[in-house]
Structure formats: structure tokens, C-alpha cells
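Topology and contacts: notes
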Amino acid sequence: MLSGKLSDQTHEHPADGTCDVLVYGGTAGGVMAAVAAAREGASVVILEPGKHLGGMVSGGLSATDAGNPSAIGGITREYFERIGKVYGNDGPAWQHEPHVAEDIFNEMVREAKIRVIYNARLKQAGAVAKQNNQIVSVTTENGGVYQAKQFIDATYEGDLMAQAGVAYTVGRESVQQYGEERAGVRPPVRFGYAGSAFDEKGLLPDIDDGPYGDIGAADHRIMAYTFRLCLTREPDNRIRFEKPDGYDPRRYALLLHVFKARPKAKMNDFILPVDLPNGKIDANNCPGMIVSTNLHNGSWDYPDADYQRRDEIWREHESYVRGFFYFLANDPNVPQSIRDEVSQWGLPRDEFQAYNGWPHQLYVRAGRRMIGEVVITAHDLLNGASKPDAVAMGTYFLDSHRTRRVVLPNGDVATEGGVGGEVNPYDIPYGCISPKQNECGNLLVPVCLSSSGVAWCSLRMEPVFMALGHAAGTASAMAAKAGLDAQDVDIEKLRERLLAQQQVIGRTDLPTMKEHQHTPLLAPSLVPVVEATDPRTLRLPGQKRASTQSS
């Protein structure tokens, strides 16, 4: 059975309201924004499309991508310190159980006396009323109308931003657009152990056989999504992996080649586990495995899709990830040692109880990106330059999960779209969360922020969204109080407030985080090999040469 997360709507019918700052999206960044604004004296409402606060931080991503923790301060650090106290730590805790995370978000919102409206998704069209460059009100699906002086879009989807007429982009820019050498379509990466992309029935599922595109060309594709699962092997707390609706073992058949190459493989070769308190783990996609928990090629439609299509994509990912674990635990072609090991694990009964242990949030790793007053690019990250209007910092290395799984001319399978590499600790300017003033003067966007696709590979971490949410909330409260556009907030006064609240800005003494510090070392037989074939000549066996036009 699938959880049916998106379609499980029990709409409330709250009274319409007016406030100083309205936050659309109760993600971790949205909660930080709301708390920051409330602490500045603003009246705040959170409209949360679903039923939970915290987004991915309470929705399965329990191993925080902290990068360099010294760059995490302000209300964000306070949040992780509260997590630490739950587990008896003196300082912040970066690994936590999902229910603990959600409890802390709820606690902080309650303390700040913030009104939260759940099941408050925007109307799919016509939700935003504007006068000139100002949002006047937003309308939810259930007919609720909410007015505010300032608005913050803290969702992963950016629907408020889009309906407000703010420019955005989806996918990958070309190398030429910003002069980023890692931009656009990337060379294929071949897995020598993965074998053929075909079986007796033809091309295996989840493999793209369309035009490859020129290396460095722009396209619409985005990195793969997944669900981050919390797993336990405590028998009394374990829900065993069941066969999902639409299960197809062919989706995982490439693993059979791995079993032959690695007869002593273990479960950890197929997922990337991180230990959590109380004997649980956070199960993530393994970057060195041709088949893991990422659904390749399955995310591309999501950013601009309507609600129905997003619901379908959500369910497709759930079915895929459930099927992946069911396959490893039950398929007779899987070595018995792996089946026995995986069968020891399952979803915890004491997490996500409303969904029988399944996370309430799809891991939307990439979507819309605003084209704001400033577009931060890879050059800003690599140079590590200080910014006079900085409101937060980033330190995480460039980390793009693969964009697609493809077939090579010889019939072997490969992946495409990985972007990696070190960055220097970098400042994030206020202009990255601010739309162009003529497009919207009372909106800030701390999650679908303004960046290139390459820079996004580092910026996309939850602590960055949280720090930018802190900045957006403080700035919105200042703008609401002074009757200003968000773009006209006094940056120096904003920075003074943020620094007084222990936000970390302008640290030039932070060491560079090495990519290998957070990337598992793989056995030589599992290390991907960069394929030298010119992708412009890629074609399926027996087919004509693929088009060189980007798609």
C-alpha cells in the first residue's frame, strides 16, 4: 500500500486573516522565518500545504548536511541545540529522530505564538492577488483568503513565487551562460560492473533512451528525488518491507550484475546509512551504486507540474523506494546473505505514525530557482568572496545527485548529471532571496533562492535554507514595520540584527570542507569510470545517431 500523502487532504476551514508576515510553507526554512519575524514583534501566520512542520528535516532527512558547523549560527543553531538537549548533549545534535525534530519545530512555533494553518495549499491558479508590485492577498484551495504586509515563500516548490509573477528557471544552464565549467549536460559515468541496459524484454525501466544533448548545453533536467527513510531493526518496533502497488523487479535488475561482481556485498553497499539515536538509521541513496534509492529520470516534471501530476510523481517515488527494499529483502535472485540482512530492518512504528512509518515529505532536491536581484553562481562559491550584503553562509561541497540513467552505444548503462567538487566557505547575499523589485516588492524567497544550477548543488542544504529563513523573517518584519518594500530594507541594520542573534556572516577563517569527508570510500570494483565516448555520438544499438540538440 502507498501512503497517499498528497491526496490525503482533510481541509480545515479557518477564518480569513490579516497579519504582518505570511509564510507559505512550514519547511524548516519556513519555521525559522516565522520565528525570526515573530521575535521582531511581527504578527505571523504560517500556511502549510500539508499536515506537518519541518519539511525534510522532520520528514526523513535525519542526518543533517551541516557542512562546516561553525558556519551555522542564529536561530538555526538554536534549533539544533534544542535537539541536543533532548539527547542530553551540551551542544547541537546533527543526527536526530524525525519525531524529535517535529516536536522542536512545534515547540518553537508555539513559544513564538505563531498561527499555523495546516492543509492550506494555494489554489492551483489565481491564488495571488496583486496591485502593482505588491501581493495583496493569497487564497487557498478551501477558500481561505489571507492578507499580509510581507510574504515569504518557503516551500520547495515555489508556487507562491511563481503565481506572484516572479521570474524563475528550472533545470541546468549552459556553460556559456555564467561561465561555469560544471554547468549543463555532463559526460556519462559508466559503472563497469553494471552490465547491459537490456534484458530479454528490452530496455530496462528508468533508463533514458532519448537524445543525450551536447556536453555543457542547457536542458530542463534536474537531479533525482527520493524518500529518506528512518529504519530500525528493533523487532518490536519494526514494520517489515511489503510489496508495493505496481512492483516491478526489473527496475532493480541491474543489481544482479553487482551481486555477481561482489558476492560478499552487504546492505551498506546499496544504501548510505547514517546512525541515529536509539538504534535507528537514516537511509540515503548510495552515490556509488547504479541502483539505489534515487528514482532516476523521475523528477523532471515535478517543478512546473500541476498538483495532480505532482501527486503522481510522489506516488511513483514511493512505489520505487518501497520496491527497492522489498527487492533486496525478498527477490530470490538476491544473495541469501543480503536478503537476511535487509530483512532485519524495517520502518519504525514510532515514527510517522499517521503513515505507518513512511515519511511525510518527498525529498525534492531541486525545483524552481528564482531569478532574483542577484544570482549566485559557482564563481562565488569557489572564490569564497565576502559580500557586503551577506545574510548567511554556505560551506557544503558541490553535491548533485545524478540527473538521469542512460544507455551507452555499446548497450551498457551509465549515469549523467553528477556535479562535485570543493568550495570555499562563502557568503550568501540578501539579493539571492529577493525578487526584482518591479516584479514583487513584498516577497522574499529563502528556499527557491536565486542561484545557478551548479551553485544550487551546494546551496540546497537544509541549514542554508534555515539560515536564509532566519534572514528573510527578520527582514520581512523590518519591512512590515517601516512600510517598505523588502528590497529597501536597510542592509546594515538587518546585518546588525542578524549578528546580534548570532547569525554567522563573513567568516574568512573557516577551513574548506573536503568532499571526501562526506563521501563513502568505495571498493575499486564499484568506482564509476568516466566514459570517454563523445556523447554526441550516443545511440542505441541499431539506431541512427541521436540528435545533438539539447532537450
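These remarks concern the structure in this document. Just so it is clear, the structure is predicted and the values come from calculations on it, not from any experiment. (Residues numbered from 1 in each chain as written. Predicted model: local features only at pLDDT ≥ 70, side-chain atom pairs only at ≥ 80, totals over all residues. Heavy atoms only, no water.)

You will see that Asp206, though not glycine, has its phi angle at about 65 degrees, which is positive. On the basis of relative accessibility, which here comes to 17%, the residue Asp206 falls in the buried class. One non-glycine residue, Phe352, adopts positive backbone phi at about 50 degrees. Mapping Phe352 onto the fold places it in the loop between β15 (347-348) and β16 (369-370). Under the relative-accessibility criterion, Phe352 is labelled buried at 9%. (Buried < 20%, exposed > 50% of the residue type's maximum accessible area, 1.4 Å probe, protein only. Helix = DSSP H or I, 4+ residues; strand = E, 2+ residues; numbered from the N terminus.)

Moving on, we get to the sheet that holds strand β11 (residues 229-232). Read from one edge of the open sheet, 3 strands run β11-β14-β13, paired in antiparallel fashion. Of all the strands in the sheet, the pair left with one neighbour each is β11 and β13 (271-275). Across the sheet, the mean angle from the axis of one strand to that of its neighbour is 35 degrees, orientation sign disregarded. Examined bridge by bridge, β11 and strand β14 (residues 280-285) share 4 bridges and lie antiparallel to one another. Across the sheet, residue Thr232 finds its bridge partner in β14, namely Lys280. (Pairing = 2+ DSSP bridges. Axes fitted to C-alpha atoms, helices over the stretch in contact; angles between N-to-C directions.)

As a further point, take the packing of helix α1 (residues 28-39) against helix α4 (residues 98-111). Across the interface, α1 lies against α4 with an axial gap of 9 Å and an inter-helix angle of 20 degrees. It follows that α1 is roughly parallel to α4 by the angle criterion. Note on packing geometry: the crossing formed by α1 with α4 is left-handed. Seen from α1, the contacting residues are Ala28, Val31, Met32, Val35 and Arg39; seen from α4, they are Phe105, Met108 and Val109. Looking at side-chain class alone, the contact of α1 with α4 contains 7 nonpolar, no polar and 1 charged residues. (Parallel < 35°, antiparallel > 145°, perpendicular 65-115°, else oblique. Left-handed = near helix turned anticlockwise from the far one by under 90°. Contact = heavy atoms within 4.5 Å. Nonpolar A, V, L, I, M, F, W, Y, C, P; charged D, E, K, R; others polar.)

Two elements in contact, helix α12 (residues 462-482) and helix α13 (residues 491-500), have axes whose closest approach is 10 Å; the angle formed by their N-to-C orientations is 125 degrees. It follows that α12 is oblique to α13 by the angle criterion. In this structure, α12 crosses over α13, and the sense of that crossing is right-handed. Of the residues in α13, those touching α12 at His470, Ala471, Thr474, Ala475 and Met478 are Lys493, Leu494, Arg497 and Leu498. For the contact of α12 with α13, a count of residues per class yields 5 nonpolar, 2 polar and 2 charged.

Here the focus is empty space enclosed by the protein. One pass over the structure, following the stated rule, counts 6 cavities of 30 Å³ or more. There is about 180 Å³ of room inside the second largest cavity. Along its surface, the second largest cavity is lined by 20 residues, and Arg172, Ser400, Gly453, Val454 and Cys457 are the ones closest to its centre. Top element by residues in the lining of the second largest cavity is helix α11 (residues 453-459). It accounts for 4 residues. Considering only residue class, the lining of the second largest cavity consists of 8 nonpolar, 6 polar and 6 charged. (1 Å grid on protein atoms, 1.4 Å probe; cavity = no way out; pocket = protein on both sides within 12 Å on 5 of 7 lines; lining within 4 Å. Points joined across faces, edges and corners; volume = space filled by probe spheres on them.)

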